[in-house]
Amino acid sequence: MLAIVFFSAAFFPLKILLVKPDHLGDFALTLPVLWEVTERLGREAIRIIADPSNREWAELLPWLPPIEAIAHPRHSKGGGSALAGLRAAWRLRDGAAPYDYGIELTASRHDLWGKLWLLLAGARRRSGLAGKYDFLVQERHSLGTGHQTARMAERFPAEWGITGGADPALFIPPAFRHRHVEGGAVLLAPFAGQPAKEWAAERWMELIGLLRGGGAEVRLIAGPDRREEGRRLAAEAGLAPEAVVAPGSIGETLSHLASARLLIALDTAMAHYGWLTGTPTLQLFAGTADPERWGALGVVRRFYFPVPCAPCRLPRCDQPRHLCMEGITAAEVAAAVKEIG
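Starting afresh in each chain, residues are numbered from 1 along the sequence in its written order. Local features in a predicted model are, by the rule used here, given only for residues with pLDDT of at least 70; side-chain atom pairs are given and counted only at 80 or more, and totals for whole chains, interfaces and linings are based on all residues. Where side-chain values are given, they derive from all heavy atoms of the structure, hydrogens and water being excluded.

Turning our attention to the environment of Cys324. Think of it this way: any DSSP run of H or I at least four residues long counts as a helix, any run of E at least two long counts as a strand, and we number them from the N terminus. Along the chain, the position of Cys324 falls in helix H12 (residues 323-326). When the C-alpha atoms of Cys324 and Cys309 are compared, they prove to be 9.0 Å apart, with 15 residues separating the residues in sequence. Dropping the residues within four chain positions of it, Cys324 is found in contact with Ala286, Gly287, Phe305 and Val307. In this description, contact between two residues means that some pair of their heavy atoms is separated by no more than 4.5 Å.

Right, here's the structure in full:
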């Protein structure tokens, strides 16, 4: 069946519109799926609607199909205009050569806007999660099982053979792959977009002390919006100001990760970028979500302390104590770093 699809596509090229308006980490986890679809159908056949924060990927990855940046009205961190999004989707319409498939790659929500974008763009066959907006799609999918990346692969017709299992070494340029630098720094990523995912500053300082006591060079990486917090944390832990890096782009972030000996990150895009670069990664995972579905792939070790209230999906912990993160100790993380060597 797969051979028939490829044979047909050679004579009757398919046009595919993919909607993935999620944040940095979710888009990163979808890259293996996008790579497989592009390899099978060709870059010219595909266009992607994505959040403006992910537009840079089109410059970093020559194989990636064109990205139409549309900010989601509810979920984009920069805020999005509903009307502007609808107009942008309408501009993608091509009456002479309409999209054969429009596939919504959201992982866990029944989203009205993504489905409307597919409709306005003129996709003939529209596919999305089953739910209250079923009237906008013809092919309805359940949430599926397993990791998010595998669930994204299930959105495509089965005969296309999309698995989501592609090795990032196939599609991430060598300049952004881990370089196994002897004596490189242990890179700590102590901040997250949601306070419920963060470890206490006191734990980070204790960890830094243990790592430095074992002879490791330690550096911190933070987004530009958290640079000053990173510098304060570094100063309190006895690190020099230059030990804090605050990359201003995805490319700069990948470069820092590629040159690090090891990455220690939370449940954030940084951990997923560690997987993309092949940098050995330890992940401290809060009780906000299911680590089997949302955890970074390829981590050396994931620290997760189960609590009765997990997964809570809350941006801020509503309990008297943040037990899911308190249950992870600096000593066990430092011991894991020592084991890795």
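To continue, consider the side chain of Ser127. Structurally, Ser127 is set in strand S5 (residues 125-129). When accessible area is computed with a 1.4 Å probe and restricted to protein chains, residues below 20% of their type maximum are described as buried, those above 50% as exposed, and intermediate ones as partly exposed. Given the relative accessible area of 1%, Ser127 is considered buried. Apart from residues no more than four positions distant in its own chain, Ser127 is found in contact with Gly102, Ile103, Glu104, Leu118, Val137, Glu139, His141 and Arg155.

We now examine the packing of aromatic side chains. Between 30 and 60 degrees the pair is tilted, below 30 it is stacked and above 60 it is edge-to-face, where a pair is any two Phe, Tyr or Trp rings, Trp via its six-membered ring, whose centres lie within 6.5 Å. Counted under the stated rule, the structure contains 8 aromatic pairs. Geometrically, the ring pair formed by Trp35 and Phe171 is tilted, given 6.0 Å between the ring centres and 35 degrees between the ring planes. Of this pair, Trp35 sits in helix H2 (residues 24-41) while Phe171 is found in the loop between helix H6 (148-153) and strand S7 (186-189), placing the two residues 136 residues apart along the sequence. Taking relative accessible area as the criterion, Phe171 reaches 2% and is therefore assigned buried.

Count a disulfide wherever a pair of cysteine sulfur atoms falls within 2.5 Å. Tallying each qualifying case throughout the model produces 0 disulfides. Left without a disulfide partner, Cys317 is nearest to the cysteine sulfur of Cys324, which lies 6.1 Å away. You can call Cys317 partly exposed: its relative accessible area is 34%.

What follows deals with the sheet that holds strand S10 (residues 262-265). At least two DSSP bridges between two strands are needed for those strands to be called paired. With parallel pairing, the 6 strands of this open sheet are ordered in space as S9-S8-S7-S10-S11-S12. At either margin of the open sheet sits one strand with a lone partner, and together these are strand S9 (244-245) and strand S12 (301-304). Where S10 lies against strand S11 (residues 281-285), 3 bridges are found, and the strand directions are parallel. Paired with Ala265 across the strands is Gln283, a residue of S11.

Put simply, a nonpolar core is a bunch of buried Ala, Val, Leu, Ile, Met, Phe, Trp, Tyr and Cys residues held in one set by side-chain atoms that sit within 4.5 Å of each other. Counting residues in each nonpolar core, the largest one holds 55 residues, and the members touching the most others are Leu31 and Trp57. Looking at this core element by element, the count peaks at 9 residues for H2. If we ignore the near neighbours within four places in the chain, the residues touching Leu31 are Trp57, Leu61, Trp63, Leu64, Phe171 and Leu276.

So, on to the environment of His141. Topologically, His141 is positioned in strand S6 (residues 139-141). For His141, a relative accessible area of 19% translates into the label buried. Remark: the alpha-carbon pair of His141 and Ala88, spanning 53 residues in sequence, is separated by 26 Å. What His141 contacts, discounting residues up to four positions off in sequence, is Ser127, Gly128, Leu129, Ala130, Glu154 and Arg155. The definition of a polar contact used here is a pair of N or O atoms within 3.5 Å, where within protein one atom must be able to donate a hydrogen and the other to accept one, and adjacent residues in sequence count solely through side-chain atom pairs. A distance of 2.8 Å separates the side chain of His141 from the side chain of Ser127, its partner in a polar contact.

Next up on the list: helix H4 (residues 82-91). Taken as a whole, H4 has its buried residues at Gly85, Ala88 and Ala89. Buried residues in H4, looked at end-on, bunch into an arc of 100 degrees, giving them a common side. Every exposed residue of H4 that faces more than 90 degrees away from the buried side is listed here: Arg87 and Arg91. Here the buried face of H4 lies against strand S3 (67-69) and helix H5 (112-120). Read the arc as the range of directions from the helix axis to the C-beta atoms.

All right, on to helix H9 (residues 250-258) then. For H9, every residue scored as buried is listed here: Ile250, Gly251, Thr253, Leu254, Leu257 and Ala258. When H9 is viewed along its axis, its buried side chains cluster within an angular range of 160 degrees and face the same direction. Check the buried side of H9 and you find it contacts H2, helix H3 (57-60), S7, strand S8 (218-221), S10 and helix H10 (269-277).

Attention now moves to the packing of H2 against H10. Simply put, an axis is a line fit to the C-alpha atoms, just over the touching stretch for a helix, and the angle between two N-to-C directions goes from 0 to 180 degrees. Running from N to C, H2 and H10 point in directions that differ by 25 degrees, and their axes come no closer than 8 Å. Looking at the two axes, H2 sits roughly parallel to H10. The handedness of the crossing between H2 and H10 comes out as left-handed. The residues of H10 that touch H2, namely those facing Leu24, Gly25, Ala28, Leu29, Leu31 and Pro32, are Ala269, His272, Tyr273, Trp275 and Leu276. In the contact of H2 with H10, the residues fall into 9 nonpolar, 2 polar and no charged. Angle categories: roughly parallel below 35 degrees, roughly antiparallel above 145, roughly perpendicular from 65 to 115, and oblique for all the rest. Crossing handedness follows the turn of the near helix against the far one: under a right angle anticlockwise gives a left-handed crossing, and clockwise gives a right-handed one. Side-chain classes follow a simple rule in which Ala, Val, Leu, Ile, Met, Phe, Trp, Tyr, Cys and Pro form the nonpolar group, Asp, Glu, Lys and Arg form the charged group, and the remainder, Gly included, forms the polar group.

Salt bridge, as used here: a side-chain nitrogen of Lys or Arg that lies within 4 Å of a carboxyl oxygen of Asp or Glu. Under the defined criterion, the tally for this structure stands at 13 salt bridges. As a salt-bridge pair, Arg124 and Asp100 come within 3.5 Å of each other at their nearest N and O atoms. Here the residue Arg124 occupies a position in the loop between H5 and S5, and Asp100 occupies one in the loop between H4 and strand S4 (101-104), the gap between them amounting to 24 residues. Lys115 is the salt-bridge partner of Glu104, the closest N and O atoms lying 2.9 Å from each other. Here Lys115 lies in helix H5 and Glu104 lies in strand S4, a separation of 11 residues in the sequence. With respect to burial, Glu104 and Lys115 carry one shared label: buried. In the salt-bridge network here, residues are joined through shared partners; they are Glu198, Arg226 and Glu229.

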